[in-house]
Amino acid sequence: MDLTTTYMGMELKHPIVASAAPLSGSVANIKRLEDAGAAAVVMFSLFEEQLKHESAALEYLMTAGTESFAESLNYFPEVDDYTVGPDNYLELLRQASAAVDIPIIGSLNGITNTGWIEYAQLMQEAGAKGIELNIYYIPADLTTSGREVEERYVGIVKAVKAAVTVPVAVKLNPFFSAIGSMAKALDDAGADALVLFNRFYQPDFDLDKLEVAPNLQLSTPDEIRLPLLWIAILHGRLRASLGATRGVQSATEVVKYLMAGADVVMTTSALLKNGIDYIGTLHNGLRTWMELHRYTSVQQMKGSMSQRKVADPTAFERANYIKTLESYKGDYL
Amino acid sequence: MILMGSGQETACETAAYLNARGEKVGVLQVRLYQPLSASHFLAALPASVKSIAVLERTKEPGATGEPMYLEVISTLVEAQIEGTLPTSVMPRVIGGRYGLSSKEFTPAMCKAVFDELRKDKPKNHFTVGIVDDVTHTSLDVDANFMIESDKVVRAMFYGLGADGTVGANKNSIKIIGDDPDFYAQGYFVYDSKKSGSQTVSHLRFGPEPIRSPYLVQSANFIGCHQFNFLNRGDVLKNAAPGAVFLLNTSPHEPEEIWERIPRPVQEEIIAKKLKVYGINAEKVARDNGMGTRINTIMQTCFFAISGVLPRDKAIEKIKYSIKKSYMRKGEEVVRKNFEAVDNTLVNLREIPVSAQATSTIELPPTVSANAPEFVRNVTAMMMAGRGDELPVSALPVDGTYPSATTQWEKRNISNFVPVWEPNVCIQCGNCSMVCPHGVIRSKFYNESSLESAPKAFRTAPIDARGFPDIRYTLQVYLEDCTGCGLCVEVCPAKSKEQTGRKAINMALKEPVLEDEKANIRFFETLPEMDRGRVDFSTVRGVQFLPPLFEFSGACAGCGETPYVKLLSQLFGDRLLVANATGCSSIYGGNLPTTPWSVNSEGRGPAWSNSLFEDNAEFGLGFRLTADKHLEYATELLKALAGSIGEDLVDDLINAEQTTEIDIRRQRGRVAELKQRLQEIADPRAKQLLAVVDQLVRRSVWIVGGDGWAYDIGSSGVDHVLASGRDVNVLVMDTEVYSNTGGQMSKSTPMGAVAKFAAAGKQIGKKDIALQAISYGNVYVARIALGANPQQTLLAFREAEAYRGPSLILAYSHCIAHGINMQRGLDQQHLAVECGHWPLFRYNPMVHESNENPFVLDSGRPKIPLKNYAYNEVRYKVLAHTNPKEAAYLMDTAQQGINRRWSVYEDMAARSGDTFQPKYKP
Ligand SMILES: Cc1cc2nc3c(=O)[nH]c(=O)nc-3n(C[C@H](O)[C@H](O)[C@H](O)COP(=O)(O)O)c2cc1C
Ligand SMILES: Cc1ncc(C[n+]2csc(CCOP(=O)(O)OP(=O)(O)O)c2C)c(N)n1
Ligand code: SF4
Ligand code: SF4
């Protein structure tokens, strides 16, 4: 059975990939991901903001109260060689790339134009086989138009593409008026893959403390619907590869995503919940399903239920919605 | 003149100056003193010498002269006896002192000494540099005698500690000193505060080596980095005629600044023909994303206009230095700093000086006219930076020093202050409990008192049932607030309509200042709480006890001072504090002002600092003295019982003095006794009067930091705890030597970085609680105000009530932890939650009934150590410098916590008879 797949030009032994998450925070874990059977690993994101914040905070806190009082001109021993900035991330990337055979993809979340380019180059130098841009941006400013947001995305992709030679993926959120046209624009801008969809940071309220509380919840299998829809629509219409992320809990979701047209299927929540070795379970599950249903290759499955390949293409559009409305009655009543 | 040490350079410089003008003076520099080589000394002494002054920077009380003076005299006399004197006649020799207490030693003072030598009857055993109007030993000094060369650029900078002025000046010295054509010198003068402190930098640059180790006398450049300094002291005092004056005009624009400069300052500018430049530095800093750090901006201005280097070359050098120091932080940071430099030059303005002073603004008095005489005449001089001008007679003769003086300083160091919302407030008292600076006060009072209240006075019905006429006010003394924000952080009440608003919120001070000043004046007319009516057992109650420790100069948000303040609230005027050297002796006892205060009756705690190492013994001495006085008083009472009255004597001797009401009653009896004693002729009545106040139980507290208790004073602490005496030891544990800048102590936890533990401390923190518990008769508590204020309160009260030794270990967050100080109390909470700082009390009084004396007041660790530790730079920096070692130490420290916790848990579960039995007298 042939499980191989091609994702932004990379030959992978199968389509199951660990998506960006703290799981990739150490060389040991990345090694375990490889041993458990991951076809590739996307590293957790390097947040430019966080780096800047950390460096500013260190600087501020190490100098707070200094040069104010004769007996205590400062409060910390002189340290020259502390590493702030991307050094730790890059070092991890470097060591991990050397330690494993599977490709490691660096993930980047930038805020400034220089940041995107500089860090993407540094990741490439450190051994990343690809870069995933996690463009995480909530347009809370009421004067920012949809067009401006879209241009921002496209601009970032163009800039990064021009700066690196490794392939570049864009991890998208679903909040565009026209995802199709957005996908096309990114494709035109040179994106080598689109990863659908990132889960946005949506805070919760803590009613005891009356505070806005960050509340990161793991995904559930129903969440595959939205990415499934768009992967099925986009499959076969773009040059870029398609990655699926969200809601993979078992091989079932992997199969569905592949049939919709994904080139790779990514997972995080399932691994956080069940442990790193669970990636092996997904891998075996895919194989078993294919055996049972007599598929011989992933290639064969890929996109088999995409909009272009299904019997009823309108099933993905408004007609399908209407059908859902009707279906509660039962077809034969 | 014969002298040694740094004063020689000044003396030589002055002698050279005078000789060039026809005088015949000289300096003999002693380089090796004791063994003093007589032959070398005599060989160095010119044969023409007629009079000699031996100057020393020491005072030898009781001796006939200072040591080197005596050496010189005996050497000369021996030489005369032996016939080896180089001079034809025995020269006249006088001795004098200079520079004590770090007083300045200037060319003018040297000249005064030379002038004295020329007199027929020069003063022997003189002093120079102070005005001794009591024993009249001092020499007169001509303040206008200055010899600084105009080839040297002499610059003075007035800055705030927090604005980075000193750092920028050190950098300027490096930049200019690196140039082979220049010699550079810098000296930095700091005041005694750790928040809002003022710094004065003295810089010299010149083409020849600089031999002037004294402060700049006549400056040709003056930088004033804070506009409001113009109101505080005379920043232009040292300006030479024609000097350049650079002023940070923030918050105003340079274009509008002239009229805002107080008239006397304008007059000085005009009289001295100063060239004035201005820049709104805070605005430039803000616009360039540099926050409130104006140092690079002011430094750039200095380079641009001081003329030390040609302007272009100067700016180029500054940029080079920026690049060197910020490259590590990325190009973005370098670029931002370059931009700031360029924008500075664009925004720097020369300020036109009018021919006559036009300002209508006068200088405010340093302290209010209502201040006591001593504060107006003495303290205010020091506050204005003129303490050196005070004559000897100004100072108290007996070594005591007036307290309650910080209240006159009104430092106004924060632009943001908390504002109280009566409608949201639940009157819990938390904010007032945690305020490190004693800024928040509460009172309850009868509604009728409000008749004369100012319109803006804030008030609320008291939150207690059954008191419809009683009102409550929480008053913020906003001029004394440091803006640390701890009060807002700790406030648990939230507005229903706007959850981000609490019952106390930070707001700009300016708009509320005048109203609030009137409110404070009114608040002070409301009666002080009757201590008998206050509930001492709750945080809610304690807010009504006025702190007798207020407005100290500790760091904004200091974690130590709330404990000190609480002591003063609870034990008030019965408190005797022996304070180890450390932050608490500095913010507690440094000049010019004293935060230890007095109540409305004029009584307050007595406080003293002896040394770092002997503080525990020092405090034990307080106890022994008080006990001895009490014993003597009791003896005399018994002897005079017949004339005083048996009943009163009986009551006085046997009074139960535990609660505040007991104490009040005893005070009443003592007052009564004093009256009766007046009428008794027996001479012993007078003797009793001298010790009568000791009949009110003294509360002796021995206070200090961990550097003292765990290290330098640890044998003393141990000794005192083992004495069995009624003393209370309070250790404010910042886990480093804070006052001297964060050196490691035996309290520093594993994995934390400190000076002398730059690679992370490899040994765990010493558990002195367990050491003390092992005696069985020592009350021991470990507390953290931010985690459990109620337990803190309980521990203080239990320790005081126990008539044996007590030890309280108080977690104190500190600027040396590298934390956002506003989150200090949260860190305390996390320290407890992770098990690094378990809360407990070991109470020997409980053990008396054979119950388990050890109570754990906090639960099992809920979070890993790193969730607490990595909020602090002291831990985090190691993760950046040596991640592997950091991870290893963190892991080991975590295991340590787990194990220690199980020991504590086991102790808490044991039966009472497994603990040390206690001796019962
Ligand atoms: C704890 C956690 C951390 C994550 N961190 C990142 C990240 O750094 N960058 C990123 O692009 N996505 C991040 N994600 C999103 C995941 O990569 C993934 O896209 C998302 O969880 C949906 O996939 P799932 O259903 O398999 O979990 C994170 C998700 C979780 C749960
Ligand atoms: C014998 C002696 N050694 C050194 C000093 C200098 N010194 C003054 S305060 C201090 C540190 C105090 O640290 P700590 O006891 O922890 O108190 P903190 O400042 O943290 O409150 C030192 C070393 C001194 N005064 N005496
Ligand atoms: S901000 Fe700080 S100093 Fe000011 S009142 Fe609040 S706790 Fe006290
Ligand atoms: S204990 Fe720390 S925070 Fe407090 S005054 Fe000292 S250095 Fe500042």
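On a predicted model such as this, the values are computed, not experimentally measured, just so you know.

Visitor: Can you help me understand unusual backbone geometry in this one?
Guide: A negative phi angle characterises most non-glycine residues, just as the trans form characterises most peptide bonds. Phe197(A) follows Leu196(A) through a cis peptide bond whose omega is -20°. Note on placement: Phe197(A) falls in the loop between strand S8 (193-196) and strand S9 (204-206). Across the junction of Gln34(B) and Pro35(B), the peptide omega takes the value 0°, indicating a cis bond. Its place among the elements puts Pro35(B) in the loop between strand S2 (28-29) and helix H2 (38-44).

Visitor: I keep staring at the nonpolar core and nothing clicks. Help me out?
Guide: Burial of nonpolar side chains together is a common tendency in soluble globular proteins. Counting 79 residues, the largest nonpolar core has Met123(A), Leu133(A), Leu186(A) and Leu194(A) as the members making the most contacts within it. Not counting chain neighbours up to four residues away, the residues in contact with Leu194(A) comprise Val170(A), Ala183(A), Leu186(A), Leu238(A), Ala240(A), Ser241(A), Leu242(A) and Gly243(A). Core analysis: the second largest hydrophobic core is formed by 75 residues, Ile462(B), Leu513(B), Phe522(B) and Trp596(B) among them.

Visitor: In this structure, what is going on with the interface of chain A and chain B? I would like to understand it.
Guide: How big an interface is tends to be stated in terms of accessible area lost as the parts join. Contact with chain A, which involves 32 residues of that partner, is made by 40 residues of chain B. With both chains or domains summed, chain A and chain B bury close to 3,000 Å², and 59% of this area falls on carbon and sulfur atoms. Joining chain A to chain B, the criterion identifies 2 salt bridges. With a shortest N-O distance of 2.9 Å, Lys170(B) and Glu67(A) are connected by a salt bridge. At the surface where chain A touches chain B, the tally comes to 8 residue pairs in polar contact (both at pLDDT 80 or more).

Visitor: Mind showing me how you'd approach the pattern of salt bridges here?
Guide: Side chains bearing opposite charge may pair, as long as their charged atoms lie close to each other. Residue and element names in this part refer to chain B. Here the structure, examined in full by the defined rule, presents 64 salt bridges over all chains. In this structure, the salt-bridge partner of Lys275 is Glu350, at a minimum N-O distance of 4.0 Å. Within this pair, whereas Lys275 is found in strand S11 (residues 275-279), its partner Glu350 is found in strand S12 (residues 349-351), the two being separated by 75 residues in sequence. Exposure remark for Lys275: the relative accessible area of 39% places this residue in the partly exposed category. Counted as one network, the salt bridges with shared partners bring together Arg574, Arg623, Asp627, Arg697, Arg725, Asp726 and Glu800.

Visitor: Explanation requested: a negative patch on the surface in the structure shown.
Guide: Residue and element names in this part refer to chain B. A contiguous patch of negative charge on the surface is contributed by Glu646, Asp647, Asp650 and Asp651. Tracing the backbone shows Glu646 in helix H21 (residues 646-654). Residue Glu646 is classed as exposed on the basis of its relative accessible area of 52%.

Visitor: Sorry if this is basic, but what is going on with a nonpolar patch on the surface here?
Guide: Residue and element names in this part refer to chain A. Taken together, the side chains of Phe205, Leu207, Leu210 and Val212 make up a nonpolar region of the molecular surface, amounting to roughly 440 Å² of accessible area. Within the fold, Phe205 resides in strand S9. What makes Phe205 exposed here is its relative accessible area of 59%.

Visitor: Would you mind showing me how to read the site of ligand 1 here?
Guide: Residue and element names in this part refer to chain A. Near ligand 1 you find 20 residues, and of these Ala20, Ser45, Ser219, Gly247 and Ser269 are the closest. Backbone polar atom of Ala20 to an oxygen atom of ligand 1: 2.5 Å apart, as the coordinates give it. With respect to ligand 1, the side chain of Asn134 contributes an N or O atom lying 2.9 Å from an oxygen atom. Protein chains bury 89% of the 610 Å² of accessible surface belonging to ligand 1 in isolation. Mapped onto the shell around ligand 1, the elements with two or more residues apiece are strand S4 (41-47) and helix H9 (269-274).

Visitor: Help me understand the sheet that holds strand S18 (residues 575-579) of chain B, please; the structure alone is not making it clear to me.
Guide: Where strands meet in a sheet, backbone hydrogen bonds hold them as pairs that are either parallel or antiparallel. All names here are of chain B. With respect to topology, 8 strands assemble into an open sheet ordered S19-S18-S20-S21-S25-S24-S26-S27, the strand pairing being mixed. The open sheet has two edge strands, strand S19 (606-609) and strand S27 (854-856), and neither has a second partner. This sheet shows a mean twist of 15° between the axes of neighbouring strands, independent of strand direction. Where S18 and strand S20 (residues 699-705) come together, 5 bridges link them in parallel fashion. Directly across from Leu576, in S20, lies its bridge partner Val700.

Visitor: Can you help me understand the site of ligand 2 in this one?
Guide: Residue and element names in this part refer to chain B. Taken together, 16 residues lie around ligand 2, and Glu560, Cys583, Gly707, Trp708 and Asn739 are the ones closest in. A distance of 2.5 Å separates an oxygen atom of ligand 2 from a polar side-chain atom of Glu560. Contact between ligand 2 and Asn739: an oxygen atom at 2.8 Å from a main-chain N or O atom of the residue. Relative to its free-state accessible area of 590 Å², ligand 2 is covered by the protein chains to the extent of 78%. Broken down by secondary-structure element, the contributors of at least two residues to the shell around ligand 2 are helix H24 (706-712) and strand S22 (736-737). Broken down by element, the shell around ligand 2 gets its largest block of residues, 3 residues, from H24.

Visitor: It is not clear to me how the confidence of the model for chain B should be interpreted in this structure. Could you clarify?
Guide: Keep in mind that low pLDDT regions are not for reading the predicted coordinates in detail. Here chain B shows a mean pLDDT of 95. Residues at 70 or above account for 99%. The ipTM value of the predicted complex is 0.90, and its pTM value is 0.91.

Visitor: Quick question: what am I supposed to make of the pairing of strand S8 (residues 198-206) of chain B here?
Guide: Regular strands show a simple pattern: their side chains alternate between the two faces of the sheet. Residue and element names in this part refer to chain B. Counting buried positions along S8 yields 9 of 9 residues, so the element is predominantly enclosed. Burial of the side chains of S8 extends over both faces: Gln198, Val200, His202, Arg204 and Gly206 are buried on one face and Thr199, Ser201, Leu203 and Phe205 on the other. In this sheet, S8 lies alongside strand S6 (residues 153-160) in antiparallel orientation, the contact comprising 8 bridges. Within S8, the position partnered with Val153 by the bridge is Phe205. Of the strand pairs in this sheet, strand S7 (residues 183-190) and S8 are connected by 8 bridges, and their pairing is antiparallel.

Visitor: I would appreciate a short explanation of the confidence of the model for chain A in the present structure.
Guide: Residue and element names in this part refer to chain A. Overall, the predicted model of chain A reaches an average pLDDT of 89, with 93% of residues at or above 70. A low-confidence stretch, residues 322-327 stays under pLDDT 50, and its non-local contacts, those more than four residues away or across chains, total 1 contact. Segment residues 329-333 is flagged for pLDDT under 50; beyond a separation of four residues in sequence, or across chains, it makes 0 contacts in the model.

About the criteria used
- Residues numbered from 1 in each chain as written.
- Chains lettered and ligands numbered in written order.
- Predicted model: local features only at pLDDT ≥ 70, side-chain atom pairs only at ≥ 80, totals over all residues.
- Heavy atoms only, no water.
- Helix = DSSP H or I, 4+ residues; strand = E, 2+ residues; numbered from the N terminus.
- Core = buried A, V, L, I, M, F, W, Y, C linked by side-chain atoms within 4.5 Å.
- Buried < 20%, exposed > 50% of the residue type's maximum accessible area, 1.4 Å probe, protein only.
- Contact = heavy atoms within 4.5 Å.
- Buried area = accessible area lost by both parts, 1.4 Å probe.
- Salt bridge = Lys/Arg side-chain N within 4 Å of Asp/Glu carboxyl O.
- Polar contact = N/O pair within 3.5 Å; in protein donor to acceptor, adjacent residues only side chain to side chain.
- Patch = residues over 30% accessible without salt bridge, like charges linked within 9 Å, V, L, I, M, F, W, Y side chains within 5 Å.
- Areas by Shrake-Rupley, 256 points an atom, 1.4 Å probe, with all protein chains shown as cover.
- Lys, Arg positive; Asp, Glu negative; His and termini not counted.
- Charge placed at Lys NZ, Arg CZ, Asp CG, Glu CD.
- Near = heavy atom within 4 Å.
- Pairing = 2+ DSSP bridges.
- Axes fitted to C-alpha atoms, helices over the stretch in contact; angles between N-to-C directions.
- pLDDT = per-residue confidence, 0-100.

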